Amino acid sequence: MKSLAAALAMTLFALPAAAGEVETLYTEVCAACHGADRLGAIGPALLPENLGRLKPAEAEAVIADGRAASQMEGFRNRLSPEQIKALAKYIYSPVPALPDWNMAEISASHLVVNPVETLPAKPPFASDPLNLFTVVEGGDHHVSIVDGDRLEVLYRFPSRFALHGGAKYSPDGRFVYFASRDGWISKVDMWTGKLIAEIRAGINTRNVAVSDDGRFLMVGNVLPHSLVALDARDLKPMQVIPVRGDGKTSRVSAVYTAPPRHSFVVALRDLEEIWEIPYADDAGPVMNGLVHSREKGLEEGIGTGGRFQALRIRIPDFMDDFFFDPGYERVMGASRDGSKGMVVDLDIKRKVADLDLSGMPHLGSGIVFKTDGKWLMATPHLKDSAVSIIDMESWKTVKRLTTLGPGFFMRGHENTPYAWVDVSMGKEKDALQIIDTRSLEIVRTIRPAPGRLTRHVEFSRDGRYAVVSLSEKDGAILILDAATFAEIKRLPMSAPIGKYNVWNKISYSSGTSH
Ligand code: DHE
């Protein structure tokens, strides 16, 4: 944006900002980087759906002062305060007609940067490659790959703007896949930190799932209302699946892989349905004989009307998020308004129980553990100061713990009896609360960085260390001893958010998100 800004310097104050004329201002000032259609180019998309995390006042500040560590330069000296205000308002207005984002547009965005064949056959480091972590740094939109044995940063590289949701790994842990809110899917080699391929699968994306056999990715979109299947090798698009039913279309709430079922399971925001999309070549038996023609091979299936077919399961409410039970037979979901939850059996294809799960949890927040021979699920709530613990057989809430505030994330590990939860949505955003999964009590509250935003815990492969995000611009990841809670090390980072240990993710550890 710098050169354009320089060229426009001094001329822009003359530009109008009245209603109807702000489009001209946008075209002159913003379009080169953010796209004439506001869908994004070298800068991110400027659509209300994509700006959900940015308050209008912050948008004005970015237009005025720019964004550190990006190409976005400030326009305070070139635009009047009214022009800045008008532009900020404009980018939150809906675009009159959203363009297509179909196979043609998706394919045109596809880029293979480093073919897999050019990569080394062995890791260029001695540490355990399955004990690496990726850390998403939201402050300056970077990713760090951290060596979990030496507790050092191995690689750091720029990411697409606003990655969101868990990083997903190939089943062997060699490659990592990221999704950005603007719909970009990136594949990176964990051993070298090199970008392999990228593609823009949507205009606004919810998340991405990787099949348990590592062959396919499924991207769930908010804009347009679609799911997009990609070939995991090079991210080549395979199929666009429009999300529609009963004459309506729907946003995707989330898509996850159900490994024993060899299928993707999808929750929808605007249709009272769950979709299951089998991907195994012989998917028939997995679906109890209810599905269908699985005849087409990978290459033949490219394009629409191809390989993947969705089985629609009717449910009595919209489902906004969900967790699987340990056998992947049932999903536990919260309703869209966050007032209650339900259990849906994927085999008998109907709701089988209600859940007392008010105050919607954030997706990926739930963990599962066994206490006294019973499988329990625990999750914090985004709006209540509570952690709910639910018996996965009776589906009753066995305990509701009062926490210091509403929380985002919870984590456990097979090698520790402690589950860690943040309370970062409340006033005491620096606190982490430790729950003993045997007694189901909060046994400690720690504040590793007093007064500062602390959230999202991830364990090392062996469960010995708990890695916590000090999620501020001049932040860090804090490596704590998981038994004594003492700090071992601090690695500076720019507003780190999520961290993902390769082994915990590829082994589907019950203490982590899948
Ligand atoms: Fe997330 C995961 C939805 C706000 C950070 N979040 C997810 C997932 C979904 C989701 C669907 C699961 C994706 C996956 O891993 O495959 N998030 C939502 C929301 O609906 C919500 C509440 C509003 C929104 O803006 O979309 C929301 N999320 C946030 C944030 O404000 C966070 C803290 C900062 C950010 O990046 O926007 C945030 N979300 C995360 C993280 C994960 C995540 C770090 C992965 C958690 C994990 O450990 O797997």
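As the structure is a prediction and not an experimental result, all values here were calculated from the model.

About the cut-offs
Residues numbered from 1 in each chain as written. Predicted model: local features only at pLDDT ≥ 70, side-chain atom pairs only at ≥ 80, totals over all residues. Heavy atoms only, no water. Axes fitted to C-alpha atoms, helices over the stretch in contact; angles between N-to-C directions. Helix = DSSP H or I, 4+ residues; strand = E, 2+ residues; numbered from the N terminus. Parallel < 35°, antiparallel > 145°, perpendicular 65-115°, else oblique. Contact = heavy atoms within 4.5 Å. Nonpolar A, V, L, I, M, F, W, Y, C, P; charged D, E, K, R; others polar. Salt bridge = Lys/Arg side-chain N within 4 Å of Asp/Glu carboxyl O. Buried < 20%, exposed > 50% of the residue type's maximum accessible area, 1.4 Å probe, protein only. Polar contact = N/O pair within 3.5 Å; in protein donor to acceptor, adjacent residues only side chain to side chain. Pairing = 2+ DSSP bridges. Phe/Tyr/Trp six-rings, centres within 6.5 Å; stacked < 30°, edge-to-face > 60°. Lys NZ or Arg CZ within 6 Å of the ring centre and 35° of its normal.

A. Quick peek at the packing of helix α2 (residues 22-29) against helix α5 (residues 81-91). At a minimum axis distance of 10 Å, the contact between α2 and α5 shows a crossing angle of 95 degrees. Between α2 and α5, the crossing angle belongs to the class labelled roughly perpendicular. Counting all contacts with α2, which are made through Val22, Glu23, Leu25 and Tyr26, the residues of α5 involved are Gln83, Ala86, Leu87, Tyr90 and Ile91. The residue makeup of the contact of α2 with α5, split by class, is seven nonpolar, one polar and one charged.

B. Structural detail: the pattern of salt bridges. Overall, the coordinates contain 36 salt bridges when judged by the stated rule. The residue Glu273 makes a salt bridge to Arg314 at a minimum N-O spacing of 3.7 Å. Of the two residues, Glu273 is situated in strand β17 (residues 273-278) and Arg314 in strand β18 (residues 311-314); the sequence distance between them amounts to 41 residues. Assessed through its relative accessible area of 48%, Arg314 is described here as partly exposed.

C. Quick look at the environment of Asp481. Tracing the chain through its elements places Asp481 in strand β33 (residues 475-481). Separated by 148 residues in the primary sequence, Asp481 and Gly333 have C-alpha atoms spaced 33 Å apart. A distance of 2.7 Å separates the side chain of Asp481 from the backbone nitrogen of Ala483, its partner in a polar contact. Only 3.0 Å separates the side chain of Asp481 from the backbone nitrogen of Thr484, close enough to count as a polar contact.

D. Representation of the sheet that holds β17 in the model. Read from one edge to the other, the open sheet built from four strands follows the order β15-β16-β17-β18, with strand pairing classed as antiparallel. With partners counted over all chains shown, the strands left at the sheet margins are β15 (252-258) and β18, one partner each. Averaged over neighbouring strand pairs, the angle between their axes works out to 20 degrees when direction is ignored. Where strand β16 (residues 263-268) meets β17, five bridges bridge the pair, whose relative direction is antiparallel.

E. Inspection of the sheet that holds strand β30 (residues 441-446) at higher detail. Taken together, the four strands give an open sheet; going across it, the order is β27-β28-β29-β30, and neighbouring strands pair in antiparallel fashion. One side of each edge strand has no neighbouring strand; the edge strands of this open sheet are β27 (410-413) and β30. Ignoring strand direction, the axes of neighbouring strands in this sheet form an average angle of 25 degrees. Two strands pair when backbone bridges link them, and strand β29 (residues 432-436) and β30 are joined in this way by five bridges, in the antiparallel orientation. For Leu432, the partnering residue across the bridge sits in β30 and is Ile446.

F. Region of the structure containing the pairing of strand β25 (residues 386-391). By the criterion of burial, β25 is predominantly enclosed, with six of the six residues buried. Neither face of β25 is left uncovered, since the one carrying Ala386, Ser388 and Ile390 and the one carrying Val387, Ile389 and Asp391 both have all their residues buried. Hairpin connection, strand β24 (residues 374-380) to β25: the antiparallel pair is bridged by five residues. The sheet contact formed by β25 and strand β26 (residues 397-402) spans five bridges and is antiparallel. In the sheet register, Val387 faces β26, and the bridge partner there is Leu401. The antiparallel pairing of β25 with β26 creates a hairpin that spans five residues between the two strands, and Trp395 there sits at a positive phi of about 65 degrees.

G. Seen up close, α5. Residues of α5 that are buried include every one of Gln83, Ile84, Ala86, Leu87, Ala88, Tyr90 and Ile91, and no others. Each element contacted by the buried residues of α5 is listed here: α2 and α4 (56-65).

H. Geometry of the packing of aromatic side chains. By the definition in use, this model includes eleven aromatic pairs. Taken together, the ring pairs connect Phe216, Phe264, Tyr279 and Phe308 into an aromatic cluster. Taking NZ or CZ as reference, Arg38 lies 4.8 Å from the ring centre of Tyr90, over its face. A cation over a ring is seen here: Arg200 above Trp101, with NZ or CZ 5.3 Å from the ring centre.

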